[in-house]
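# Residue-level structural notes
Read off the chains here:
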Amino acid sequence: MTHSLHAIFEERWPTLSHDPRIGTALREWKGTPDGYRFQADGRTLVSPNRPEAEARRQIDKMLPEAAGKDCVLVGHGLGHTCAELLSRGLRSLKLLAPDRALLAEALRNWSQPELLADERFQILAPDQVDAALPEHVEYLELPSWRKAMPERLANLRVKLNRCGSDQLRLRILVVEPIYGGSLPMARSAARALESCGHEVRSLDFSRMEGARDAFAQFGDTHPGGNMIAGEFTRLLARMISIECRHYKPDLVLAMAQSPAIPAVMQELGSAGIRTAFWFVEDYQLLEYWKGIHGAFDFFLTIQKGEFHKRLAEISPRPVRYLPVCADTSFYKPVDWSLADSAPIISFVGAGYHNRERSFLRLLDLPFKVWGSDWRRQSPVYGLLQNEGHRTEVELNRQIFSNSRINLNLHSSSYHDGVDPFGDFVNPRTLEIAACGGFQLCDTRLHLAEMLEPGREIVTFSDTDEMRTLCEEWLEKPEEAKLIAHAGRVRVQTEHGYEHRMKELLELFLLEGEDAFPHARKRGNLSGMDSDPLLAEWLKLHGLTADADLDQALITIRQSEAKLDETGRLLLYLGELRDWAREKGVERAYDRVR
Amino acid sequence: MSARRILVVNFTRMGDLVQTSPLICGLRHHYPDAHIALLAAKAFSTVARLIPELDEVLEWDQDASVASLFNGQYNLDQALALHRSWSRRVRGDGWDLVINVTHSRDSAVLAHHLATGEVRGISIHADGSQHVEHHWSRYFFCVTGNRALNQFNLVDIYRLIGGKPGPGDRLSLKPGMDATRKISNHIDAFGGAGPLILVQPGASKDNRRWPVSAFAKAMHKIQASCPARFVIVGGPSERELAADLLNALDPEIPANTLAGDTSIEELTALCAMADLLVSNDTGTLHIAASQGTPSVSLFVATALPWETGPWMPGCLILHPTIECAPCSHHVNCPHVMCRDWIEPETVAGASLHLLESLGYGHGPTEDWCDTDKTRIWESFLSPSGLLDLKPLHATSADADDHLGRLYRILWEAEAGLITQAQTVSEWQGWVNRWSQDDCQLDTLLEQTAADLSAMRELAEAGMELVAQIEQELSGNAPDADRLSAWLEQIQRTDDRLFRMELSRPRLRPLGVMFRFDKESMRQDSEMTELSHRMKEIYLLLAKRCKRMIAHCAMAVTQKELEPA
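Residues numbered from 1 in each chain as written. Chains lettered and ligands numbered in written order. Predicted model: local features only at pLDDT ≥ 70, side-chain atom pairs only at ≥ 80, totals over all residues. Heavy atoms only, no water.

### Structural notes on the overall build of chain A
A count of helices and strands for chain A gives 25 helices and 19 strands. Residue pairs at least 24 apart in sequence account for 66% of intrachain contacts in chain A once pairs closer than 6 positions are excluded. Split by element, the accessible area of chain A, about 27,200 Å² in all, is 49% carbon and sulfur. (Helix = DSSP H or I, 4+ residues; strand = E, 2+ residues; numbered from the N terminus. Contact = heavy atoms within 4.5 Å. Areas by Shrake-Rupley, 256 points an atom, 1.4 Å probe, with all protein chains shown as cover.)

Spelled out as structure tokens, the structure:
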């Protein structure tokens, strides 16, 4: 049987059987040992005593009418659920295994070998999924896997276009930081949420930058004055609270460095508003996560492993991995518009110790550097463009799109070259790829999950390799273009802000359908006609065709002219909308129906 | 009397719709040949269809309207198309007279939009600014902030918005034969003897419900003196409450429940067959009144007998004497103690009192209304045809009772419902209904008269300023600077009036009505016409102050001449 099992795999799923972990497992197969527990991170994924009964119960609940249907099942045990589904007359079943190592483990102890020969059955690893599921296909998730690896399931839902959040229209408040790298991220997140069909409002604190600096300076120059800065943060946090009282969001998404202090976030939580904090920081450099993460429904991080363990020691509140992404609506291939010729090898980023040391190796190559905070005394300073000013994003995307090699070295103040323990991926990695730029990037622990080294990106482990690869890839422009193209496709299909925001919402929805208790379900206004006179009215009042109700109302209220029929109806809609919001009627809309 | 098409807009709940029916009767009386329609919320349009005087019932579909704005596929273009199509259907050729008895801002825009002629109630000017048109519509809004000083029933306010009340005005609901037959069969099957008493333990909000256990005690006491048959009524959401009440009753008491099992039409038929209703302040109370069935009603929390007592003579309305009653509409009381202030003995006594008048039993004990915890009001129709209340309880009148009556006399006289000469007898009649009086009343009335004098002086100052403006305008070359200065002084005068209104709550009805009058001027553009209107408004305020001062003096004098 061992032989035949291996043979079946080789014949039916060669890419899987060639995975050494799976190949070895298949060769070692002896059936399910007594008392065996199939687990992930200590969590049992299938009932050790009555797996058949468990499978029956699950299918009764998830797909009571299975006959003749095509189905994708995410997650697996040792074959019982698949066998039960097929015994009920499914037309086809694709088992989507979220983790290759766990699939190998399951196959090593597989209890249903006959199943593997069933022509209706197919096994896929997550990287073998690259398209949305057709609508008619039933999509099932095993509950034990939802709990065991929620991020992966959320990611798969987005990939397969089976987002529960697509059925909802949420009201979301994005809390921006006053300034810093997470500010554009907050704005891209808000834009993406809106493009996903949600109603989004952003709390813009960037206007407070001057005040913040003044308070900080006061604190620096006056003993005991630091408390003023704390008071200032609390004041801004009260603004979040007041905004929520009026806006009544379903979700508040606070970005790193935003003034979302725990007391206020807990107050929002008590009022039934869901909260999330996206900590797009290196936890080892900035430690304010220790004081805040328990205050949110979800604390989202760009690092996992050790960081998640440390967070769990502080609070049992959910922590999820949500890596950075690229704003693909902006980062796309563009032409070079500067007078100088396009760069050969480029780097965009601030001057850090490891960069200054590493880039010494490239001084004799056609290499240019853009960014701020580079030391004048460093020889690399001679490569610096734009007088060492921080570059505008428009210039960044031109550099990314037109450099023959984009160098990307994650910053470190503690290493001379590549940080051997570096885990998270910086936004620049994905922005370069999104622009269709060829990229040489230092190896990062989480990088391979996002871009496949050798196919979608090229990586180096030390500065020697960095130098060698620069020279090599300058000689292979056509191959570089292929890799750059593959990287761009991957970012467009998996790593845009729209994808990430959907993953975020799916994390909530994995809790259950009531994750957003007041969310409005999207209905269908089929049968509603377009209004024949609106366009004319908007034009007459100097508004563009895509003007919304608020813009129309402002125009009406500023005018003292007699209202015509359209004006009166718009005013009526405005009053009705305000009334519905005051009474909370609009929130009950889906229930009323 | 030229209106051919009249539309009444009422988006409120069941009880309010029933309370609108006398207005519709009155309109039918004043405009016998007009096409009269009611625009009601779709959820309650079945009630509207029971009003026989209506030619047409139009529906406002709240769900569809709100959905078009908040649906995930929200699209202004489509929402507008939906409302354009609906409003054109409702508007038809336009309505000569629109009476809007809803008080929401969206209804204001709609009322204006649907009308080709006059609008009464909240509306907008052509430029979109909001105002309230018609004296009694303004009075309706005035009541909200002056509940203690209002002694007009909501039904009468509605009627007065429609015109002078007619003798044939009534709460008018007519159930169909099928509903009547079905209920009749049910009552026959119920069997038993004695009066048929309906009991409504539910109400729109939990805080407006008298406790089930108290209802049960009262029913036991009624049964002990006058064997009766009880049917518990209510809506589908009140089934559980009705079952609780049924379970709390002695099994020997002949009682059953139809809560949740009757349509509105069937409930109307059931009320018509009943001898008595015992109820919280609910729509059922008004349905019973529409069928001529007397009631004992319990007004707790926000409910106030003067406002929404059943519009029918001979009903008894119980209201706790607790200081905080009625709750403000803006308050969410965590300890609704007032519910416990009304005792089962009082409810039973009131019920037995009414049953005796209907020929059942021997009535309550003589001291049934000797309670200091509850005010017991009996409804009757005044000579002017409006609902009035007289106290059966022993507790004394307070200042607001008397001042409220003086205001009522003021407004009735102004509307021509009573002559100036009748004001004295009206006051005497009122005072004589009370067995005791508040010894502090004279001082209070004198203080109020002094405040009214101050308000009158401000009104006259306003008149003076307008007179100067008129004089300036009548010249050949009006001076813009001088006009501007006078207008600023007028603004300051109005601010002082507003502060006076806020700081002296007993003047507030006059202040609020004055502000409504001024808001209604905004449409006028000609300065001459504007100043003329302004002068009229100040004059009206001065006159009202003067009359109220006289009323206060009359109240003091009458008391001295003819103690109660």
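### Focus: empty space enclosed by the protein
Residue and element names in this part refer to chain A. By the definition in use, this model includes 7 cavities of 30 Å³ or more. Its boundaries defined by the atoms lining it, the largest cavity holds a volume of some 80 Å³. For the largest cavity, the lining is made up of 14 residues, of which Val 46, Glu 54, Gln 58, Thr 81 and Leu 142 are closest to its centre. Of all the secondary structure elements, the ones that give two or more residues to the lining of the largest cavity are helix H4 (51–62) and helix H5 (80–87). Element by element, the count of residues in the lining of the largest cavity is highest for H4, at 4 residues. A per-class count over the lining of the largest cavity returns 6 nonpolar, 7 polar and 1 charged. (1 Å grid on protein atoms, 1.4 Å probe; cavity = no way out; pocket = protein on both sides within 12 Å on 5 of 7 lines; lining within 4 Å. Points joined across faces, edges and corners; volume = space filled by probe spheres on them. Nonpolar A, V, L, I, M, F, W, Y, C, P; charged D, E, K, R; others polar.)

### Things to note about the confidence of the model for chain B
Residue and element names in this part refer to chain B. Residues with a pLDDT of 70 or more make up 96% of chain B, whose mean pLDDT is 90. Taken together, the stretch residues 560–564 has pLDDT below 50 and engages in 4 contacts with residues farther than four places along the chain or on a different chain. Taken together, the chains of this predicted complex give a pTM of 0.60 and an interface ipTM of 0.88. (pLDDT = per-residue confidence, 0-100.)

### Some thoughts on the pattern of salt bridges
Residue and element names in this part refer to chain A. If you walk through the whole model with that rule in mind, you get 83 salt bridges over all chains. A salt bridge links Arg 108 to Glu 105, with the nearest nitrogen and oxygen atoms 2.9 Å apart. Of this pair, Arg 108 and Glu 105 both sit in helix H6 (residues 100–108), 3 residues apart, roughly one helical turn. The exposure class of Glu 105 is partly exposed, given its relative accessible area of 24%. For the salt bridge of Glu 199 with Arg 581, the shortest nitrogen-to-oxygen distance reads 3.6 Å. Remark: Arg 581 occurs in helix H24 (residues 565–583) and Glu 199 occurs in strand E9 (residues 199–203); sequence separation between them is 382 residues. (Salt bridge = Lys/Arg side-chain N within 4 Å of Asp/Glu carboxyl O. Buried < 20%, exposed > 50% of the residue type's maximum accessible area, 1.4 Å probe, protein only.)

### Describing the packing of H24(A) against helix H3 (residues 62–70) of chain B
Packing of H24(A) against H3(B) leaves a shortest axis separation of 10 Å and a crossing angle of 95 degrees. Viewed along their axes, H24(A) and H3(B) adopt a mutual orientation that is roughly perpendicular. Residues Tyr572(A), Leu573(A), Leu576(A), Arg577(A), Trp579(A), Ala580(A) and Arg581(A) of H24(A) lie in contact with H3(B), whose contacting residues are Gln62(B), Ser65(B), Val66(B), Leu69(B) and Phe70(B). (Axes fitted to C-alpha atoms, helices over the stretch in contact; angles between N-to-C directions. Parallel < 35°, antiparallel > 145°, perpendicular 65-115°, else oblique.)

### With respect to the sheet that holds strand E11 (residues 274–279) of chain A
All names here are of chain A. The 6 strands are arranged E9-E8-E10-E11-E12-E13 in an open sheet whose pairing can be described as parallel. Edge positions in the sheet fall to E9 and strand E13 (319–321), since each has one partner strand and no second. This sheet shows a mean twist of 20 degrees between the axes of neighbouring strands, independent of strand direction. In the sheet, strand E8 (residues 171–175) pairs with strand E10 (residues 251–255) via 4 bridges, with the strands oriented parallel. Bridge pairing in E10 places Val 174 opposite Leu 253. (Pairing = 2+ DSSP bridges.)

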